[in-house]
Amino acid sequence: MAEPIRVLVTGAAGQIAYSLLYSIAKGDVFGKDQCLILLLLDITPMMTVLEGVVMELQDCALPLLKEIIATDKEDVAFKDLDVAILVGSMPRREGMERKDLLRANVKIFKSQGAALDKYSKKSVKVVVVGNPANTNCLTALKSAPSIPKENFSCLTRLDHNRAKAQIALRLNVASDDVKNVIIWGNHSSTQYPDANHATVKLHGKEIGVYEAVKNDTWLKGDFITTVQQRGAAVIKARKLSSAMSAAKAICDHVRDIWFGTPEGEFVSMGVISNGNSYEIAEDLLYSFPVCIKNKTWKIVDGLVINNFSREKMDLTAKELSEEKETALEFLSAA
Ligand code: NAX
């Protein structure tokens, strides 16, 4: 059995973590022969709740879980990490301005970025989930200058999975038969779910999704808005935000970083733009199609972008660049 890896989950007393921790601890993400030490960070008022989560994890009697360290201290939580899954963030309260939300989150992710820089392994893989995920990820990346930028990514896999599922439901196929959808841009309602390069296995043959669906109006209309608004629809129905599906998406995202993507397939994740792909400005933390090998992602280049897509990709880039400017102001002032 391999040496245990150290995996941090922040926001560990929250609802996503409640679904996520069991999957990680039982081997769904890093494999059935990889034991682990789970580090759980939350804020001080949540320590009693977190104790309950620890008790439940212990009661699962999981053979791979060697140790659980629950804490409200960053120097303890970030020590020698192999993987950091940053789920906790400041939620938007009623009446809160967007700017105030950004300010509060810059503070959190600046501090956690600095803790990564100071205490974690330089090889640590960092996945940001807490919203606004792209900009929080950029803040953490900027605050951890000794860790390669490529080690940071943010979660748009839930949107990716939602897009896949919508197409599968429409065509009455299994979700696994749908491949290579793309989420471009921000994990917000400006994101652009794109099926132009997606394929589906239909009657044993792999064909383009546009050809299979035979309804461009749906693919350019309701499909996009359904994926963009899915989070809000779940909240409206459940009175709580997505948690089970978010945890599943985090597992998919991190498993792909760890083990790579299958040949010929790509997935969506928010990563740093170097300015050379799809005319997206350098230094934006933008969701692209990527393939992963040896724990390293690479943007899938060379896909043909039509005018419809171009407009939508630029719109979400514009929103991200405004968020980035505001966050950087706070970052330099903080
Ligand atoms: P919860 O409110 O249930 O849990 C969040 C937890 O984070 C709380 O226990 C809170 O005390 C903790 N926390 C707050 N500040 C912290 C800090 N500085 N350090 C450590 N812990 C801290 O929210 P939950 O439903 O679990 O969602 C967590 C985050 O994921 C939210 O920001 C949410 O918006 C975001 N999401 C992002 C998604 C994505 O695709 N990127 C999808 C799902 C989800 O909406």
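All values reported here derive from a predicted model rather than from experimental measurement.

Participant: Residues and numbers for the environment of His 187, please.
Facilitator: Among the secondary structure elements, His 187 is positioned in the loop between β8 (182-184) and β9 (192-194). Residues His 187 and Ala 165 lie 22 residues apart in sequence; the distance between their C-alpha atoms is 17 Å. Residues contacting His 187, with those up to four places away along its chain left out, are Asn 131, Asn 134, Leu 155, Thr 156 and Asp 159. A distance of 2.8 Å separates polar atoms of two side chains, one belonging to His 187 and the other to Asp 159.

Participant: Any chance you could break down the site of the ligand for me, citing the residues and the numbers?
Facilitator: What surrounds the ligand is a group of 23 residues, the closest being Gln 15, Ile 16, Asp 42, Ser 89 and Asn 131. Here an oxygen atom of the ligand and a side-chain polar atom of Asn 131 are 2.8 Å apart. Note that a nitrogen atom of the ligand is positioned 3.2 Å from one of the backbone N or O atoms of Leu 155. When the ligand is considered free in solution it has 870 Å² of accessible area, and contact with the protein chains removes 81% of it. Elements represented by at least two residues in the shell around the ligand include exactly α1 (15-25) and α4 (98-119).

Participant: Which residues make up the pattern of salt bridges, and what values go with them?
Facilitator: According to the stated counting rule, one finds 14 salt bridges in the structure shown. The salt bridge involving Asp 72 is made with Lys 73; its shortest N-O contact spans 3.2 Å. Classification of Asp 72 by relative accessible area gives partly exposed; the value is 26%. Taking the shortest distance from any N to any O, the salt bridge between Lys 121 and Asp 82 comes out at 2.7 Å. Here Lys 121 is found in the loop between α4 and β5 (125-128), whereas its partner Asp 82 is found in the loop between α3 (74-77) and β4 (83-86), with 39 residues between them in sequence. In this structure Asp 82 comes out as buried when scored by relative accessible area, which is 12%. Each of Lys 26, Asp 28 and Lys 32 takes part in salt bridges that share partners, so that together they form one network.

Participant: A description of the packing of aromatic side chains should follow, citing residues and the corresponding values.
Facilitator: Counted according to the given criterion, the structure contains 6 aromatic pairs. The interplanar angle of 80° and the centroid separation of 6.4 Å between the aromatic rings of Trp 184 and Phe 288 together place this pair among those described as edge-to-face. With Trp 184 in strand β8 and Phe 288 in strand β13 (residues 285-293), the pair connects residues that are 104 residues apart, well separated along the chain. No difference in accessibility class separates Trp 184 from Phe 288, as the two residues are buried. Centroid distance Tyr 192 to Phe 308: 6.2 Å. Interplanar angle 70°. Geometry classified as edge-to-face. Of this pair, Tyr 192 sits in strand β9 while Phe 308 sits in helix α11 (residues 307-333), placing them 116 residues apart in sequence. Each residue in the set Trp 184, Tyr 278, Tyr 286 and Phe 288 is aromatic and connected to the rest through ring pairs, giving one cluster. Positioned above the aromatic ring of Trp 218, the side-chain terminus of Arg 170 is 4.5 Å from the ring centre. The residue whose ring lies beneath Lys 295 is Trp 258, and the NZ or CZ to ring-centre distance is 4.4 Å.

Here is what the cut-offs are and how they apply
Residues numbered from 1 in each chain as written. Predicted model: local features only at pLDDT ≥ 70, side-chain atom pairs only at ≥ 80, totals over all residues. Heavy atoms only, no water. Helix = DSSP H or I, 4+ residues; strand = E, 2+ residues; numbered from the N terminus. Contact = heavy atoms within 4.5 Å. Polar contact = N/O pair within 3.5 Å; in protein donor to acceptor, adjacent residues only side chain to side chain. Near = heavy atom within 4 Å. Areas by Shrake-Rupley, 256 points an atom, 1.4 Å probe, with all protein chains shown as cover. Salt bridge = Lys/Arg side-chain N within 4 Å of Asp/Glu carboxyl O. Buried < 20%, exposed > 50% of the residue type's maximum accessible area, 1.4 Å probe, protein only. Phe/Tyr/Trp six-rings, centres within 6.5 Å; stacked < 30°, edge-to-face > 60°. Lys NZ or Arg CZ within 6 Å of the ring centre and 35° of its normal.

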